[in-house]
Amino acid sequence: MSASFANKTEMQNLLFAELSKMFGKEVPLYDKSLLVNKACNQAVCALLRQKYRGFEISEAQLEKTSGERHGAIRIGKPEEYRWIAKYFAAFGLLPHNFYDMTNLGGKSQPVIATAFRSPLHPEHRVFTSLLMTDYFDPDTKRRIEALLAPREVFSARAKELTLKSEREGGLTWDDANALIREGTTRIFKWTGKARDHRLYQELSKAGFKIAADIACFEAHHLNHLTPNTFCMDLYTTAMKFCLAELSAEVFAERARHVLEFLWGFADPDYLKLHFRHLSAEEIARYSIQTIPESKVTALVQALLLRLQQPELALNKLKHSGFKDFTEGPPADTPVLLRQDSYKALTEPVRFQEADGSVIDTTHTARFGEIEQRFYATTPKGRARYDECLAQAEKLRGADPDLIKRDYAAYQQVYASCFASFPKTLGGLLEQGLVYGRYTATAKGVEAGRRQAIHSTDLGELVRHGYLQVEGLRYEDFLPFSAAGIFASNLGQYGTKSTAADKPVYTQRTLEEIMERSIIDPNVTYAGLHAESLLQAYGALGKLNDIPVEERNQWEQAVAAYRVTVGN
Ligand code: OOG
Ligand code: NI
């Protein structure tokens, strides 16, 4: 890449910061929810400062760490999808995973999707769906396509800039800024303008609210933009309080419970996962202290005072309440993602009809998600997660009112379904359920040089301080959680195809539309894990003690991921 080109990671950071500003202006509740998250994150940091002597985070670093986002957009036409793939490619955001949302049983939706993100520096990602018109009967299909046919979401300038980036391998900052502006002033912008009210109503009535949200609007408006939190349960409790769904007493009681849990849960691996700017050496230097109970009470009171400020009286804003339960694993199981959301808002829209008439009405689609990212699972870990989740869903279904009746009991039942998961990074790695990145320490290299290391067991090498390990963070989506969020937001579960034969979509379908291939994130996670093992054992002088078949497998995993990420 030429030195005069803008750095793609910096371009990503700027794009998402600008999108966040745009979305904050469009949706005041989103802007306020960021303040609630900040207050909660500050409380978490205050707790961590108590636990770890030496832990400090500056305001600037907190802002930076809190800048990570994921978003979702829904696209109507294959041609638009091709352009959006090109647009994201200019930022180094490439398609990862194929999500077939038409195939989630009772939670199905008429879209297929991929997520655009950086392969190796994935702080931000965008779930990007495409409406599949052949999911519908021929007449509905024809009407949706006719409505979408004349739509032009990409301006000539946006197209020119993406093609230039493609041709030259990058953009100058002037061009990069112009491309970001195309995003925030047009491509992802909400205008509240819609067309064909009859089709909108028919689709909505038939349960296809997502299709209506796509087909009848004039741009790929951001559907939600999700920040990262340091503690999901603290945030959800705070939001429910600010939305006046919980009293101050219940809030204080739950928040105290959450912080006490976090005190034990936030081990050095939690620090490394949530504060990626800290090195393992730095974390190792902190000394662990005990916390007086009065300190937790003081933290809760301080947070409560902050949340009681008039500017955080979110119940005064228009809203539809908060989701009843968090998607994903329970709080004590640090895998994949935990996600929750305030429910989709009812917003004014204006339909400009073909006959020149205007209809002012409302539309409910944009919601306010939050997430906490944990360790990426191996296929074995993922299979275990899917089993546990199925069991948890079953139990939730068997007593759907438990959440309202006795929230603590609900949480306990839910967590019990995931009891077979180890609760620490070390335990998860030992059972091969998550991916990690191992590095040799100075002590290990030195011991290796003296030929004083007599084991190749990873856990043992870590315990001796010869290796250190960090968990790889999960940077992708969970379609089942997504479906849960869709369902709860729209007050409706999935939909059935109305085509004579429900079409079958594959990854190839989407790759052909984009004219580019989709990266399998597991190849990247596995490749990074294997690469670190080769390097770490090499640095300890122990590579020759590893069976040759195993070494070959690691080398193949490394070669495979290097091909997919293109280096
Ligand atoms: C897609 C939702 C997917 C998630 O977090 O799982 C998603 C949509 O709302 O269009 O963002
Ligand atoms: Ni989301």
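Thresholds applied
Residues numbered from 1 in each chain as written. Chains lettered and ligands numbered in written order. Predicted model: local features only at pLDDT ≥ 70, side-chain atom pairs only at ≥ 80, totals over all residues. Heavy atoms only, no water. Donors = N, O, S within 2.8 Å, 3.2 Å for Na, K, Ca; no water. Helix = DSSP H or I, 4+ residues; strand = E, 2+ residues; numbered from the N terminus. Buried < 20%, exposed > 50% of the residue type's maximum accessible area, 1.4 Å probe, protein only. Near = heavy atom within 4 Å. Polar contact = N/O pair within 3.5 Å; in protein donor to acceptor, adjacent residues only side chain to side chain. Areas by Shrake-Rupley, 256 points an atom, 1.4 Å probe, with all protein chains shown as cover. Pairing = 2+ DSSP bridges. Contact = heavy atoms within 4.5 Å. Core = buried A, V, L, I, M, F, W, Y, C linked by side-chain atoms within 4.5 Å. Axes fitted to C-alpha atoms, helices over the stretch in contact; angles between N-to-C directions. Left-handed = near helix turned anticlockwise from the far one by under 90°. Nonpolar A, V, L, I, M, F, W, Y, C, P; charged D, E, K, R; others polar. Salt bridge = Lys/Arg side-chain N within 4 Å of Asp/Glu carboxyl O. Phe/Tyr/Trp six-rings, centres within 6.5 Å; stacked < 30°, edge-to-face > 60°. Lys NZ or Arg CZ within 6 Å of the ring centre and 35° of its normal.

Novice: What should I look at first to understand the coordination of the nickel ion (ligand 2) in this one?
Specialist: Surrounding the nickel ion (ligand 2) are the protein donor atoms H70 (NE2), H224 (NE2) and E369 (OE), which sit 2.0 to 2.1 Å from the metal. Along the chain, the residues donating to the nickel ion (ligand 2) are arranged with the sequence spacing H-x153-H-x144-E. Of the two residues, H70 sits in strand β2 (residues 69-75) while E369 sits in strand β12 (residues 368-373), which places them 299 residues apart along the sequence. E369 matches H70 in its accessibility class, with the two residues each being buried.

Novice: Hey, could you run me through the site of ligand 1 in this one?
Specialist: As a matter of local geometry, ligand 1 sits amid 12 residues, with H70, R74, H224, Q339 and E369 nearest to it. Separating an oxygen atom of ligand 1 from a side-chain N or O atom of H70 is a distance of 3.0 Å. One of the side-chain N or O atoms of Q339 is found 3.1 Å from an oxygen atom in ligand 1. In the complex, 99% of the free accessible area of ligand 1, which totals 320 Å², lies under the protein chains. Of all the secondary structure elements, the ones that give two or more residues to the shell around ligand 1 are β2 and α21 (479-490). Looking at the shell around ligand 1, the element that brings in the most residues is β2, giving 3 residues.

Novice: Please clarify how the environment of E369 should be interpreted in this entry.
Specialist: What makes E369 buried here is its relative accessible area of 6%. C-alpha separation for the pair E369 and S33, spaced 336 residues apart in sequence, amounts to 9.6 Å. Within polar-contact distance, the side chain of E369 engages the side chain of H224 at 2.9 Å. Engagement of the side chain of E369 in a polar contact is seen with the side chain of T226, the distance being 2.7 Å.

Novice: Help me out: how do you make sense of the sheet that holds strand β11 (residues 358-364) in this one?
Specialist: Hydrogen bonds between backbone groups are what pair the strands of a sheet, and the pairing can be parallel or antiparallel. Sheet architecture is open: 3 strands sit in the order β6-β10-β11, paired in mixed fashion. On the outer flanks of this sheet lie β6 (193-194) and β11, each paired with one strand and no other. As defined by bridge partners, strand β10 (residues 346-352) adjoins β11 across 7 bridges and the pair is classed as antiparallel. Residue pairing across strands places E347 opposite H363, the latter belonging to β11.

Novice: I keep staring at helix α10 (residues 232-242) and nothing clicks. Help me out?
Specialist: An α-helical segment advances 3.6 residues per turn. Residues three or four places apart therefore align on the same side. Taking burial as the measure, the 11 residues of α10 include 11 buried ones, the bulk of the element. Regarding α10, the residues found buried are M232, D233, L234, Y235, T236, T237, A238, M239, K240, F241 and C242. Against the buried residues of α10 lie α2 (28-51), α11 (248-265), α14 (293-307), β9 (337-342), β12 and α17 (407-416). At the C-terminal side of α10, A244 shows a positive phi close to 65 degrees.

Novice: Explanation requested: the nonpolar core in the structure shown.
Specialist: Ranked by size, the top nonpolar core spans 179 residues in total, and within it V36, F55, F188, L234, Y270, F275 and L307 carry the most contacts. It is α2 that contributes the most residues to this core, 12 residues altogether. Beyond its immediate sequence surroundings of up to four residues, V36 is in contact with Y235, A238, M239, C242, L307, L312 and L314.

Novice: Sorry, what's going on with the packing of helix α15 (residues 379-398) against α17 here?
Specialist: Axes are the key here: two packed helices are described by the angle between their axes and the distance separating the axes. The N-to-C vectors of α15 and α17 enclose an angle of 145 degrees; their axes lie 8 Å apart at closest approach. Pair α15 / α17 crosses with right-handed handedness. Across the interface between the two elements, L389, A392, L395 and R396 from α15 touch Y410, V413 and Y414 from α17. The residue makeup of the contact of α15 with α17, split by class, is 6 nonpolar, no polar and 1 charged.

Novice: How do you make sense of the pattern of salt bridges when you look at a structure like this?
Specialist: In a structure, side chains of opposite charge can pair up when their charged atoms sit close to one another. This model, assessed by the stated rule, comprises 41 salt bridges. Between R350 and D360 there is a salt bridge whose closest N-O contact spans 2.7 Å. Here D360 lies in strand β11 and R350 lies in strand β10, a separation of 10 residues in the sequence. Judged by relative accessible area, which is 43%, R350 ranks as partly exposed.

Novice: Before we go on, may I ask you to explain the packing of aromatic side chains in this structure?
Specialist: Any two aromatic rings considered together are summarised by their centre-to-centre distance and by the angle between their planes. Counted by the stated rule, this structure contains 31 aromatic pairs. Seen from their ring centres, Y87 and F188 are 5.7 Å apart, and the 75 degrees between their planes marks the pair as edge-to-face. In this pair, Y87 sits in helix α4 (residues 78-89) while F188 sits in the loop between α7 (173-187) and β6, placing the two residues 101 residues apart along the sequence. The same class applies to Y87 as to F188, namely buried. The interplanar angle of 35 degrees and the centroid separation of 5.4 Å between the aromatic rings of F241 and F251 together place this pair among those described as tilted. Separated by 10 residues along the polypeptide, F241 in helix α10 and F251 in helix α11 bring together distant segments of the chain. With respect to class, F241 is no different from F251; both count as buried. In textbook terms, an aromatic cluster arises when at least three aromatic residues are bridged by ring pairs, as seen for Y81, W83, Y87, F88, F91, F116, F154 and F188. Taking NZ or CZ as reference, R125 lies 4.1 Å from the ring centre of F477, over its face.

Novice: Help me understand unusual backbone geometry, please; the structure alone is not making it clear to me.
Specialist: Negative phi is the rule for most residues except glycine; trans is the rule for most peptide bonds. For A244, which is not glycine, the phi torsion reads 65 degrees and is therefore positive. Structurally, the position occupied by A244 is in the loop between α10 and α11. Even without a glycine there, the phi angle at L336 is positive, about 55 degrees. Along the chain, the position of L336 falls in the loop between α14 and β9.

Novice: Just checking my understanding: could you explain the pairing of β9 for this structure?
Specialist: The side chains of a regular strand alternate between the sheet's two faces. By the criterion of burial, β9 is predominantly enclosed, with 6 of the 6 residues buried. With burial as the criterion, each face of β9 is covered, one bearing L337, Q339 and S341 and the other bearing R338, D340 and Y342. Looking at chain direction, β9 and β12 are connected through 6 bridges and run antiparallel. Each bridged residue has a counterpart across the sheet, and for S341 the counterpart in β12 is E369.

Coordinates in, geometry out; function isn't part of it.
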